[in-house]
Amino acid sequence: MQGNVTIQENGIKQLDNYIGGAWQEAGNAKYTAVKNPANGEEIAQVRLSTKEDVDLAVKAAKKAQKEWALVPAPERADYLYEIGRIMIEKKEHLSQVLTKEMGKVIEEARGEVQEGIDMAFYMAGEGRRLVGETVPSELQNKFAMSVRAPIGVVGLITPWNFPIAIATWKSFPAIVAGNTFVWKPATETPLMAYEMALIFEEVGLPKGVANVVFGAGSEVGTAMIENPDVRVISFTGSTDTGRRIAELGGRHLKKVSLEMGGKNAVIVLEDADLDLAVEGILWSAFGTAGQRCTACSRVIVHKNVKKELEQRLVEEMKQLTIGDGSDESVKVGPVVNAGSIEKIANYVEIGKKEGAKLLAGGSALTEGELAKGHYFEPTLFTDVKWDSRLAQEEIFGPVVSLIEVESLEEAIEVNNSVIFGLSSSIFSRDVNKVFQAQRDLDTGIVYVNAGTTGAEIHLPFGGTKGTGNGNRDSGKAALDVFTEWKSVYVDFSGKLQRAQIDNS
Ligand code: UN1
């Protein structure tokens, strides 16, 4: 079929960029190995692109954009319907590759691919909406409306933890709105981007609409931001990188949309259904080995149920099977790489020094088969001080900190004390408390009687404060990132009418 990858003698695929509808030649490009975090096996090699590669891709995208913008939006949407259909056909294959390159357990990988499929059909529907407004003019015989206009070439920078879902959150609204894009996936997860490029090619998306450039953020990301023809940068990733992108983007007057860290909490009140709370905490804390922006990393618990919750969590944590995520019975897969293990272990040490009490886990797993991959035990601390580093900083691994409080008001204050504001959750059966919480929790997403993960694609996804910069991925809010509002006035009076003057 399509796709032009060099297969090396040992069977390893060498991934090159997809630019202007063609697969770039290897030339004298440099490559780096992509490894399965579950067992350290090399599964591909990915090109480390240069500024020249980026500029080539932007040029192709710019060339394609003028014509693409003139294709009627419902017709642009037809490509998304087709992409969605092929993703359904390939769902199992994509899920298997996803687990292999990123490590999440296969059931979650299937869920993530489904999230991408959902996004395809949802955004395809936007092709027949892209709603603007018609409003009365203040002057006679004058018509006023606002329309969503495409912006141009957009740059997408996506993370390794949701290598397909987040890419669809950004590329699909970009496509339907009439933009063309250059996408830099994370170097840890290029296979998902390669698979998506194959699908873009298969549906016959006009050349240059979708471009994939592999490589490091420092080289490829920077070149994208500095290229004057890239009008928007949409980024999901770490707070440090996001800050650098905002700074550089600011200098170049780029529209920048950022989705960054989280320090999400589950609040458990004394009237909560504890069985449900335990399930919700385990799923949102240890799913994806805690490597979701939305992962639960704090549990804020009322003092009257603290002991019981601790006991139940410790008990249930023993049931979590850890291992290679392609094994259907495994509940917790590996973390992404050795650097991640080091960071998590470092936070465990910080927690101990800060006086938090370790109730479960706390170590990397290095026995037997697990030694080949990067595994960390699901870890639970209690008696954590709300303002300690353990309770304030993003760890991005399977570590949960329990914090005791005496009231709903205190729980909300503790929840809101972190610099992030992505997701929060409350378990309670008291409708008054629940409504007070959903009003006062300062996060972009609030769950009631569910954990902190599980966002659906037709609602806005994003956070307050240090999690973002006011934009949202997914839902129709995503269109605000990828369109420019244009206000159009049509005067059919045949004379000069001055607004604010001739009608007063
Ligand atoms: C992320 O972790 O960046 O709500 C995305 C969820 C998923 C998306 C997470 N639907 O957990």
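A quick note: this is a predicted structure, and the numbers were derived from the prediction, not measured. Counting of residues starts from 1 at the beginning of each chain's written sequence and follows it residue by residue. At least 70 in pLDDT is required for a residue's local features to be given in this predicted model, at least 80 for side-chain atom pairs to be given and counted, and no such filter applies to totals for whole chains, interfaces and linings, which use all residues. By convention in this description, side-chain values take in all heavy atoms of the structure and omit both hydrogens and water.

Participant: Is there a simple way to explain the overall build of the protein chain in this structure?
Facilitator: In terms of helices and strands, the protein chain carries 15 helices and 25 strands. Put simply, the protein chain has 504 residues, and 56% of those count as buried. Throughout, a contact is declared for two residues whenever any of their heavy atoms are within 4.5 Å. Look at the contacts in the protein chain between residues 6 or more apart in sequence, and 73% of them connect residues 24 or more apart. Calculation of accessible area relied on Shrake-Rupley with a 1.4 Å probe; when residues are assessed, cover is drawn exclusively from the protein chains displayed. By element, 50% of the accessible surface of the protein chain is carried by carbon and sulfur atoms, the whole surface being about 21200 Å². Charge convention: Lys and Arg are scored as positive, Asp and Glu as negative, and His as well as the terminal groups of each chain are ignored. Throughout, a charge is located at the NZ atom of Lys, the CZ atom of Arg, the CG atom of Asp or the CD atom of Glu. Distance between charge centres in the protein chain, computed from 54 positive and 69 negative side chains, equals 5 Å. Labels follow the DSSP assignment, with helices taken as runs of H or I lasting at least four residues and strands as runs of E lasting at least two, numbered in each case from the N terminus. Exposure classes here rest on a 1.4 Å probe applied to the protein chains alone. A residue is buried below 20% of its type maximum, exposed above 50%, and partly exposed in between.

Participant: Quick question: what am I supposed to make of the sheet that holds strand β1 (residues 6-7) here?
Facilitator: Whether parallel or antiparallel, the strands of a sheet pair through hydrogen bonds between backbone atoms. DSSP-based pairing: two strands are paired if at least 2 bridges between them are found. Ordered by their spatial adjacency, 4 strands build an open sheet running β1-β2-β6-β5, and the pairing between neighbours is mixed. If you trace the sheet from one side to the other, it starts and ends with β1 and β5 (30-35), each paired once. Here 3 bridges tie strand β2 (residues 13-15) to strand β6 (residues 42-48), and the two strands are oriented parallel to one another. Of the residues in β6, the one forming a bridge with Gln14 is Gln45.

Participant: Would you take a moment to explain the domain arrangement of the protein chain for this structure?
Facilitator: Often, the extent of an interface is quoted as the loss of accessible area upon association of its parts. Domain boundaries shown here were taken from an automatic or database domain assignment. The domain boundaries assigned to the protein chain delineate domain 1 (6-260 + 468-487) and domain 2 (264-448). Using C-alpha coordinates to define each centre, domain 1 is positioned 31 Å away from domain 2. Counting residues at the interface gives 20 residues for domain 1 and 26 residues for domain 2. A salt bridge links Arg110 to Glu328; the nearest nitrogen and oxygen atoms lie 2.8 Å apart. Where the side of domain 1 that touches domain 2 is concerned, the elements lending two or more residues are α3 (91-102) and α4 (106-126). Each residue receives one of three labels: charged for Asp, Glu, Lys and Arg, nonpolar for Ala, Val, Leu, Ile, Met, Phe, Trp, Tyr, Cys and Pro, and polar for the others, Gly being one of them. Taken together, the residues of the side of domain 1 that touches domain 2 break down into 8 nonpolar, 6 polar and 6 charged. Each salt bridge in this description consists of a side-chain nitrogen of Lys or Arg and a carboxyl oxygen of Asp or Glu lying within 4 Å of one another.

Participant: Just checking my understanding: could you explain the site of the ligand for this structure?
Facilitator: Residues in close proximity to the ligand include Glu115, Asn161, Phe162, Ile166, Trp169, Arg292, Cys293, Thr294, Thr453, Gly454, Ala455 and Phe461, which together make up its full environment. Under the rule applied, a polar contact is a pair of N or O atoms within 3.5 Å (in protein, one hydrogen donor and one hydrogen acceptor; residues adjacent in sequence only if both atoms are side-chain atoms). Residue Glu115 places a side-chain N or O atom 3.0 Å away from a nitrogen atom belonging to the ligand. Bound to the protein, the ligand loses 99% of the 320 Å² it would expose on its own. Here the shell around the ligand is composed, by residue class, of 6 nonpolar, 4 polar and 2 charged. Looking at which domains feed residues into the shell around the ligand, each of domain 1 (6-260 + 468-487) and domain 2 (264-448) supplies at least three. Residues are classed as near a molecule or strand on a simple rule: at least one heavy atom within 4 Å of it.

Participant: Before we go on, may I ask you to explain the pairing of strand β7 (residues 133-136) in this structure?
Facilitator: Within a regular strand, side chains alternate between the sheet's two faces. Where β7 meets strand β8 (residues 142-150), 4 bridges bridge the pair, whose relative direction is antiparallel. Directly across from Pro136, in β8, lies its bridge partner Phe143. In this antiparallel pair of consecutive strands, β7 and β8, the connection spans 5 residues, and Asn141 shows a positive phi of 55 degrees.

Participant: Is there a simple way to think about the sheet that holds β8 in this case?
Facilitator: Ordered in space as β7-β8-β25, the 3 strands form an open sheet in which the pairing is antiparallel. Two strands in the sheet have a free side with no partner beyond their single neighbour: β7 and β25 (483-491). Each neighbouring strand pair of the sheet contributes to a mean axis angle of 20 degrees, computed without reference to strand direction. The pairing of β8 with β25 spans 9 bridges and is classified as antiparallel. In the strand pairing of β25, Lys142 is matched with Asp491. Working convention: axes come from line fits to C-alpha atoms, limited for helices to the stretch in contact. Angles between N-to-C directions cover 0 to 180 degrees.

Participant: Is there a simple way to think about the pattern of salt bridges in this case?
Facilitator: A side chain of one charge can pair with a side chain of the opposite charge if their charged atoms are brought near each other. Evaluation of the coordinates by the stated rule reveals 26 salt bridges. Among the ionic pairs, Arg148 bridges to Asp480, the shortest N-O distance being 2.9 Å. Note that Arg148 is positioned in strand β8 and Asp480 in helix α15 (residues 478-482), a separation of 332 residues in sequence. The network of salt bridges with shared partners includes Lys306, Lys307, Glu310, Asp383 and Glu404.

Participant: It is not clear to me how empty space enclosed by the protein should be interpreted in this structure. Could you clarify?
Facilitator: A 1.4 Å probe that fits into a set of points on a 1 Å grid over the protein atoms alone but cannot get out defines a cavity; an open set with protein on both sides within 12 Å along at least five of seven lines defines a pocket, and lining residues are those with an atom within 4 Å of a point. Grid points are joined across faces, edges and corners, and a volume is the space filled by probe spheres set on the points. In this structure the tally under the stated criterion is 3 cavities of 30 Å³ or more. Looking at the largest cavity, it is lined by 14 residues, and the ones nearest its centre are Gly290, Ala295, Ser297, Glu394 and Phe396. Within the lining of the largest cavity, the residues separate by chemical class into 6 nonpolar, 5 polar and 3 charged.

Participant: Could you clarify how one ought to interpret the layout of surface pockets in this entry?
Facilitator: Over the atoms, a rolled probe matching the size of one water molecule traces out where space is still vacant. The volume enclosed by the largest pocket comes to roughly 1100 Å³. Elements represented by at least two residues in the lining of the largest pocket include exactly α7 (217-226), β12 (230-236), α8 (239-251) and α11 (338-353). No other element matches α8, which puts 7 residues into the lining of the largest pocket. Residue composition of the lining of the largest pocket, by class: 17 nonpolar, 18 polar and 8 charged.

Participant: What's the story with a nonpolar patch on the surface in this structure? I'm lost.
Facilitator: Exposure above 30% relative accessible area and the absence of a salt bridge qualify a residue for a patch, where like charges join within 9 Å and nonpolar side chains (Val, Leu, Ile, Met, Phe, Trp, Tyr) within 5 Å. There is a patch of nonpolar side chains on the surface, built from Tyr81, Ile88 and Phe121 and spanning about 260 Å² of accessible area. Among the structural elements, Ile88 can be located in helix α2 (residues 73-89). Take Ile88: its relative accessible area is 46%, and that puts it in the partly exposed class.

Participant: Hey, could you run me through the nonpolar core in this one?
Facilitator: Here is a general trend for soluble globular proteins: nonpolar side chains tend to be buried in one another's company. In this structure, Phe172 and Phe200 are the most contacted members of the largest nonpolar core, which totals 76 residues. Inspection of this core shows a minimum of three residues originating in each of domain 1 (6-260 + 468-487) and domain 2 (264-448). Other than its neighbours up to four places away in sequence, Phe172 contacts Leu80, Ile83, Met87, Gly116, Met119, Ala120, Met123, Ala167, Met196 and Phe200. By convention a nonpolar core is built from buried Ala, Val, Leu, Ile, Met, Phe, Trp, Tyr and Cys residues, the set being connected through side-chain atoms within 4.5 Å. Of all hydrophobic cores here, the second largest spans 52 residues; its members include Leu269, Leu282, Leu320 and Leu408.

Participant: In this structure, what is going on with α7? I would like to understand it.
Facilitator: A turn of α-helix holds 3.6 residues, and therefore any two residues three or four places apart point the same way. Those residues of α7 that sit buried are Val220, Gly221, Ala223, Met224 and Ile225. At its buried positions, α7 is contacted by α1 (51-70), β9 (153-157), β10 (180-184), β12 and α8.

Participant: Before we go on, may I ask you to explain the packing of aromatic side chains in this structure?
Facilitator: The relation between two aromatic rings is expressed through the spacing of the ring centres and the mutual angle of the planes. For Phe, Tyr and Trp, where Trp contributes only its six-membered ring, two rings pair if their centres lie within 6.5 Å, and the inter-plane angle classes them as stacked under 30 degrees, edge-to-face over 60, or tilted in between. What the rule picks out here adds up to 7 aromatic pairs. A centroid spacing of 5.7 Å and a plane angle of 85 degrees characterise the contact between Trp160 and Phe396, whose relative ring orientation is edge-to-face. Taken together, the positions of Trp160 in the loop between β9 and α5 (165-176) and Phe396 in the loop between α12 (389-392) and β20 (399-405) put the pair 236 residues apart, joining distant regions of the chain. For the ring pair Trp169 and Phe461, a centre distance of 4.6 Å and an interplane angle of 50 degrees mean the geometry is tilted. Note that Trp169 is positioned in helix α5 and Phe461 in the loop between β23 (445-448) and β24 (464-465), a separation of 292 residues in sequence. Like Phe461, Trp169 is buried. What links up through ring pairs into an aromatic cluster is the set Tyr18, Trp23 and Tyr194.

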